[in-house]
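Report on the structure
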Amino acid sequence: MEPIVWEWVNFLVRWLHVITAIAWIGSSFYFIHLDLSLRRRDGLPPGVAGEAWQVHGGGFYNMMKYTVAPPELPEKLTWFKWEAYATWLSGFALLSVLYYHGAALYMIDPAVLDIPWWGAVLLSLGALGLGWHVYDRLCKSPLGKDDVKLAAAGFVFLVLVAWGLSHLFSGRAAMLHVGALIGTMMSANVFRIIIPNQTKAVAAMKAGQVPDPALGKQAKQRSLHNNYLTLPVVFLMISNHYPLAFGTRYSWVIVAVVLVVGAVIRHFFNSRHAGKPTPWWTWAVAAAGVAVIVGLSAAGTRTESAAAPARVEFAQVEEVVLSRCSMCHAAQPVWEGIGVAPRGVMLDSAEAIGRHAPQIRNWAALSDAMPPGNVTGITPEERRLLAAWTDQLPR
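Just so it is clear, the structure is predicted and the values come from calculations on it, not from any experiment.

Notes on a nonpolar patch on the surface
Together, I4, W8, F11, L12, W15 and I19 make up an exposed nonpolar region whose accessible area comes to about 660 Å². Residue position: I4 is located in helix 1 (residues 2-37). Judged by relative accessible area, I4 falls into the partly exposed class, the value being 42%.

Quick look at the structure:
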């Protein structure tokens, strides 16, 4: 029963993580839209920076934003923070359940760095903690006074992290950990900067003082970072389901391109919300970026080998698949901790191998996603043989 219980724990924690992420992303997108759509007019109350009229669910809403704070606080004030906290907590729980519990399968690739499971976990925790500290220092450095320079520095930092992690973990874990770091940065922005600054502003008002405008400015900068990082972090978090994203030679370059694509798409919507000229060019940049990603994904695995024979016999393929894959992908898996065939894919017969040729190509030939952590020791030559076999199949 243990594998079944862990599978359901994984499923339920993932469900919770998706729910909380939807709530957080939804509120983030809404407030960025609201902030950009505010308009000034004559007759607004003193201290109001702008207002927006909205309609939803048959009702009309008049939203106003104060430059610093209203003259008096209402009795009840709604705080938006638990969506961020719950998203990070559920995400870390999922990281623990799937990756830390299954480090040998999902985090460690002996061909990259042969370390014990606890070493991989410590590297993961260190990357998340140190990554947040470096980002926070960048924001508080002189670079933080210039949004463009800070964005460029942040981009370079994340690309270096992606490259570094690709030399520590399996491709799957490396790309997911870039997403986990960005998620940590975003939630820590809320926990360490945005909410504390708002708390200080409220405390100042209750004490009859005028809140420091710098607190709101700093919080808004971090909130804007969260807004532009949202689309890349979603891509990185779902990347573990797509081997051509994480299991190929230039996966860290794909991360760099995704950061640009996500940012320009957010710029398009932010510009429209603000009433600025529509930057249609952003879609050309995004389309070009996606084309680059597709091209990079076709570069093959991180290991090279001699060319496979021009003609591959099925018996050769069957021998590779049965010896490297079928211990998990079978009606009754024999690999410890695997209760059912992953994704329901069974590769324990000639007919099943032929039926799943496209999956074999993407997961084990063009990428090194399978076997996870290369636990069965498939060789680069065997991967090339599988790729050559799928090339010669009729389309």
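Overview of the nonpolar core
Membership of the largest hydrophobic core comes to 60 residues, with the highest contact counts inside it found for Y99, M107, L158 and I182. Elements represented by at least two residues in this core include exactly helix 2 (82-100), helix 4 (117-140), helix 5 (147-165), helix 6 (171-206), helix 7 (213-238), helix 8 (243-246), helix 9 (251-273) and helix 10 (281-297). With 14 residues, helix 6 is the largest single contributor of residues to this core. For this core, the two domains that each supply at least three residues are domain 1 (1-234) and domain 2 (314-392). The contact partners of L158, leaving out residues within four places of it in the chain, are L181, I182, M185, L229 and L259.

Re the UniProt feature "transmembrane region" (unreviewed entry) in the protein
Following the UniProt record, the feature "transmembrane region" (unreviewed entry) maps to residues 12-32, 85-103, 115-135, 147-169, 175-195, 250-269 and 281-300 here. With 83% helix and 0% strand, residues 147-169 has end C-alpha atoms that lie 32 Å from one another. Secondary structure over residues 281-300 splits into 85% helix and 0% strand, and the C-alpha atoms at its two ends are 31 Å apart.

Cut-off values and rules
- Residues numbered from 1 in each chain as written.
- Predicted model: local features only at pLDDT ≥ 70, side-chain atom pairs only at ≥ 80, totals over all residues.
- Heavy atoms only, no water.
- Patch = residues over 30% accessible without salt bridge, like charges linked within 9 Å, V, L, I, M, F, W, Y side chains within 5 Å.
- Areas by Shrake-Rupley, 256 points an atom, 1.4 Å probe, with all protein chains shown as cover.
- Salt bridge = Lys/Arg side-chain N within 4 Å of Asp/Glu carboxyl O.
- Helix = DSSP H or I, 4+ residues; strand = E, 2+ residues; numbered from the N terminus.
- Buried < 20%, exposed > 50% of the residue type's maximum accessible area, 1.4 Å probe, protein only.
- Core = buried A, V, L, I, M, F, W, Y, C linked by side-chain atoms within 4.5 Å.
- Domains from an automatic or database assignment.
- Contact = heavy atoms within 4.5 Å.
- UniProt positions renumbered as here; feature names shortened; annotations may be inferred.

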